[in-house]
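A structural walkthrough
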Amino acid sequence: MSRPGWDEYFMDIAHQVSKRSTCLRRRVGAVLVHDRRILATGYNGAPKGMKHCEETGCLREQLNTPPGERHELCRGLHAEMNALLQAAVYGVRTQGATLYSTTYPCSLCAKMLINAGIARVVAEGEYPDELAKQMLAEAGIEVDIVSVPAD
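Note that the structure is a prediction, hence the values are computed from the model and not measured. (Residues numbered from 1 in each chain as written. Predicted model: local features only at pLDDT ≥ 70, side-chain atom pairs only at ≥ 80, totals over all residues. Heavy atoms only, no water.)

**Let's talk about the pattern of salt bridges**
Here the structure, examined in full by the defined rule, presents seven salt bridges. Among the salt bridges present, the one from R70 reaches E72, with a minimum N-O distance of 2.5 Å. The salt bridge partner of K133 is E130, with a shortest N-O separation of 3.3 Å. Placement of the pair is K133 and E130 together in helix α6 (residues 130–138), with a separation of three residues, close to one helical turn. The exposure class assigned to K133 is partly exposed, which follows from its relative accessible area of 22%. Residues joined by salt bridges that share partners form a network here, namely D7, R120, E142 and D144. (Salt bridge = Lys/Arg side-chain N within 4 Å of Asp/Glu carboxyl O. Helix = DSSP H or I, 4+ residues; strand = E, 2+ residues; numbered from the N terminus. Buried < 20%, exposed > 50% of the residue type's maximum accessible area, 1.4 Å probe, protein only.)

Next up, the structure:
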């Protein structure tokens, strides 16, 4: 048995976090890390105290909204948003941190990551949001795409 590298280790944790997701379309997990220490985690789902899509149905499905478009048409917050918000709630500094996410951030999350001072994003796969890619590149945030592990 080989010992996992740091990226693999934190991505495995992001996968575990994604299991808490209440999204009907895509389970996403995110982990904020600085100096190989976990700062905060997040998964996608409805705001605290609100009904989950499991109870209300998926608004995006009902409106036939494709991935990467009209992010505001959703009850849930993205995993990356929730990780940043958890850091904020507990007063944890995110400047210079790395975000591990089980999917590529959208443009809304990209803007938040930029302003939160995230230095690096490690994500699995692609997401159809060219603006997110452009903004992260313009901000000088290092982005590493890793392959999705086979189950």
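Now that the structure has been shown, the text picks up again.
**Some points on the packing of aromatic side chains**
For the coordinates displayed, the defined rule picks out four aromatic pairs. Ring geometry for Y9 and F10: centres 5.0 Å apart, planes at 65 degrees, overall edge-to-face. Measuring from centroid to centroid gives 5.3 Å for F10 and Y100, while their planes differ by 40 degrees, and the two rings are tilted. In this pair, F10 sits in helix α1 (residues 6–18) while Y100 sits in strand β3 (residues 98–101), placing the two residues 90 residues apart along the sequence. Grouping aromatic residues by their ring pairs yields a cluster made of W6, Y9, F10 and Y100. Taking NZ or CZ as reference, K133 lies 5.8 Å from the ring centre of Y104, over its face. (Phe/Tyr/Trp six-rings, centres within 6.5 Å; stacked < 30°, edge-to-face > 60°. Lys NZ or Arg CZ within 6 Å of the ring centre and 35° of its normal.)

**Quick notes on the sheet that holds strand β2 (residues 37–43)**
Sheet architecture is open: five strands sit in the order β2-β1-β3-β4-β5, paired in mixed fashion. Strands at the two margins of the open sheet, each flanked by one partner only, are β2 and β5 (142–146). Put simply, the sheet's adjacent strands are angled 15 degrees from each other on average, direction ignored. With six bridges connecting them, strand β1 (residues 29–34) and β2 associate as antiparallel partners. Counterpart to H34 in the pairing with β2 is R37. (Pairing = 2+ DSSP bridges. Axes fitted to C-alpha atoms, helices over the stretch in contact; angles between N-to-C directions.)

**Describing the nonpolar core**
L32, L84, L99, Y104, L113, I118 and V121 are the most contacted members of the largest nonpolar core, which has 25 residues in total. Among the elements that make up this core, the one with the highest residue count is helix α4 (residues 79–89) (five residues). The contact partners of L113, leaving out residues within four places of it in the chain, are L84, L99, P105, I118, V121 and I141. Core analysis: the second largest hydrophobic core is formed by eight residues, F10, M11, V17 and V31 among them. (Core = buried A, V, L, I, M, F, W, Y, C linked by side-chain atoms within 4.5 Å. Contact = heavy atoms within 4.5 Å.)

**Here we look at the packing of α4 against helix α5 (residues 107–115)**
Between α4 and α5, whose axes approach to 9 Å, the crossing angle comes to 25 degrees. When the axis of α4 is compared with that of α5, the two are roughly parallel. As α4 runs across α5, the sense of the crossing is left-handed. Of the residues in α5, those touching α4 at E80, M81 and L84 are L108, C109, M112 and L113. Residues that form the contact of α4 with α5 fall into these classes: six nonpolar, no polar and one charged. (Parallel < 35°, antiparallel > 145°, perpendicular 65-115°, else oblique. Left-handed = near helix turned anticlockwise from the far one by under 90°. Nonpolar A, V, L, I, M, F, W, Y, C, P; charged D, E, K, R; others polar.)

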